[in-house]
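What follows is the residue order along each chain.
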Amino acid sequence: MEPQRGRKSPLLQVKRVYEPPSDADGVRVLVDRLWPRGLTKTAAAVDLWLKDIAPSVSLRRWFNHDPSRWSEFTRRYAEELDSLAAKSAAIAALVAAVRSGRVTLLFGARDHEHNNATALRTYLNRVIG
């Protein structure tokens, strides 16, 4: 059965990288520019680290995990992703992975709602449509 337009893809989920891996995770993709503190590569169980998909350093510093800047952050981040898609195959590869099976976007931030993985999921759901 095809997912309906406008609905979140059940095959694309977001999870904090510090949470234990699960069989339901599918392909685990770390989407932070920096490796999470205090976490070994074995414990993280990351299948793919797409640090180039993370927000730019200047955008990340501007946002500073401030929920009042969330709306503007997601807009600016989507612009960065659109620009990246024009010159890199990383976005296309991630979209293809989501279309072929379950993908879990991993992030290190403490805030489960206001982080780049959540913004990326929203962007990908729009692109996949």
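Please read these numbers as outputs of a predicted model, since none were measured by experiment. The numbering scheme is per chain: residues are counted from 1 as the chain's sequence reads. The model is predicted, so local features are restricted to residues of pLDDT at least 70 and side-chain atom pairs to those at 80 or more, both for listing and for counting; the totals for chains, interfaces and linings are taken over all residues. Side-chain metrics rest on all non-hydrogen atoms present in the structure, leaving aside hydrogens and water.

## Quick look at the layout of surface pockets
- With a 1 Å grid spanning the protein atoms alone, the term cavity applies to any set of points in which a 1.4 Å probe fits but cannot get out, the term pocket to an open set with protein on both sides within 12 Å along at least five of seven lines, and the term lining residue to any residue with an atom within 4 Å of a point. Grid points are joined across faces, edges and corners, and a volume is the space filled by probe spheres set on the points. Within this model, the largest pocket holds a volume of roughly 680 Å³.
- Around the largest pocket, the lining is made up of 23 residues, and of these Asp 32, Arg 60, His 65, Gly 108 and Ala 109 lie nearest the centre.
- With three residues, helix H2 (residues 57-63) is the largest single contributor of residues to the lining of the largest pocket. Secondary structure elements follow DSSP: runs of H or I no shorter than four residues count as helices, runs of E no shorter than two count as strands, and numbering proceeds from the N terminus.

## Focus on the sheet that holds strand E2 (residues 27-30)
- Strand order across the open sheet formed by four strands is E1-E4-E2-E3, with parallel pairing between neighbours. Only two strands of the sheet have a single neighbouring strand rather than two, namely strand E1 (12-16) and strand E3 (48-49).
- The pairing of E2 with strand E4 (residues 103-107) spans four bridges and is parallel. Bridging across to E4, Leu 30 finds its partner in Leu 106.
- Contact criterion: two residues are considered in contact whenever any of their non-hydrogen atoms come within 4.5 Å of each other. Axis geometry follows a simple rule: fit a line to the C-alpha atoms, using only the stretch in contact for helices, then measure angles between N-to-C directions, giving values from 0 to 180 degrees. Packed onto the sheet, helix H4 (residues 90-100) meets E1, E2 and E4 and runs at close to 130 degrees relative to E4.
- Strands in contact with helix H5 (residues 116-128) are E1 and E4; relative to E4, the strand with the most contacts, it is inclined by about 145 degrees. Two strands are counted as paired when DSSP detects at least two bridges linking them.

## Description of the packing of helix H3 (residues 70-87) against H5
- Contact geometry of H3 with H5 gives a least axis separation of 10 Å together with a crossing angle of 60 degrees. Judged by the angle between their axes, H3 and H5 are oblique. Classified by chirality, the crossing of H5 by H3 is right-handed. In this structure, H3 uses Trp 70, Phe 73, Thr 74, Tyr 77, Ala 78, Leu 81, Asp 82 and Ala 85 to contact H5, whose residues at the interface are Asn 116, Thr 118, Ala 119, Leu 120, Tyr 123 and Arg 126. Under this scheme an angle from 65 to 115 degrees is roughly perpendicular, one under 35 degrees roughly parallel, and one over 145 degrees roughly antiparallel; angles in between are oblique. We call a crossing left-handed when the near helix sits turned anticlockwise from the far one by less than a right angle, and right-handed when that turn is clockwise.

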